[in-house]
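# Breakdown of the fold
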Amino acid sequence: MSKLSRDAEHEIAFTLNGRRVRARAEPRTLLTDLIRHDLGATGTHVGCEHGVCGACTVEIDGEPVRACLTLAAQVEGAEIRTVEGLEPSPGELSPLQAAFREHFALQCGFCTAGILISLDNLFRRRPDASEQEIREQVSGHLCRCTGYAPIIRAALAAQAAIREEEPADA
Ligand code: FES
Ligand code: FES
């Protein structure tokens, strides 16, 4: 069986957090397994593995996507961003990450990477997103620890901080 599996592997090239990467994967390999086990991007978590919890959310070509429902073979040529790609520079937190820390928006942290990716995507697409839109974005993620209120507080604080950082329109 392992010989058959090896024979079926093929090479995939894509961009992960701004870096071109190449990997080999079987047709059945999930993107979560490829990025976590082969490429070391372990910030992306795997919860339900069937598209419900949102823990595995990554950004693919500008869209938040469940990586547990994505085959590695599907991302040939894509631009992928994971939670590791949110840091503005190594060791520095983005305003969204800093707000999560400040507002205690995580406890075990299992859901956090996926929520950060979804909210980061929302704020880049819709800097003026309403609280309702923020809540809808977060509704795609299960969190068993926080009760969600600190997550919404952190998201609103991050949105305000991001707006302050932006240069005023000329
Ligand atoms: Fe992908 Fe739960 S692990 S949605
Ligand atoms: Fe534990 Fe969200 S912080 S599941």
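Quick caveat: nothing in here was measured; it's all calculated off a predicted structure.

A few words now on the nonpolar core. Leu96, Phe100, Leu119, Phe123, Ile134 and Ile151 are the most contacted members of the largest nonpolar core, which has 23 residues in total. The dominant element in this core, judged by the number of residues it contributes, is helix α4 (residues 112-125), at 7 residues. In this structure, Leu96 is in contact with Leu116, Leu119, Asp120, Phe123 and Ala158, ignoring residues within four places of it in sequence.

Moving on, we get to the side chain of Glu59. With respect to the helices and strands, Glu59 occurs in strand β3 (residues 57-60). You can call Glu59 buried: its relative accessible area is 7%. A polar side-chain atom of Glu59 sits 2.8 Å from a polar atom in the side chain of Asn121. If we skip the residues at most four places from it in the chain, Glu59 touches Pro64, Glu79, Ile80, Arg81, Ile117, Asn121 and Arg124.

Here we take up the packing of helix α5 (residues 131-138) against helix α6 (residues 149-165). In the contact formed by α5 and α6, the axes pass within 10 Å of each other and the chain directions differ by 125°. Classed by the angle they form, the pair α5 and α6 counts as oblique. Of the two possible hands of crossing, α5 and α6 adopt the one that is right-handed. When α5 is examined against α6, the residues Glu131, Ile134, Arg135 and Val138 are found in contact with a partner set consisting of Ile151, Ile152, Ala155, Leu156 and Gln159.

Rules of the game
- Residues numbered from 1 in each chain as written.
- Chains lettered and ligands numbered in written order.
- Predicted model: local features only at pLDDT ≥ 70, side-chain atom pairs only at ≥ 80, totals over all residues.
- Heavy atoms only, no water.
- Core = buried A, V, L, I, M, F, W, Y, C linked by side-chain atoms within 4.5 Å.
- Buried < 20%, exposed > 50% of the residue type's maximum accessible area, 1.4 Å probe, protein only.
- Helix = DSSP H or I, 4+ residues; strand = E, 2+ residues; numbered from the N terminus.
- Contact = heavy atoms within 4.5 Å.
- Polar contact = N/O pair within 3.5 Å; in protein donor to acceptor, adjacent residues only side chain to side chain.
- Axes fitted to C-alpha atoms, helices over the stretch in contact; angles between N-to-C directions.
- Parallel < 35°, antiparallel > 145°, perpendicular 65-115°, else oblique.
- Left-handed = near helix turned anticlockwise from the far one by under 90°.

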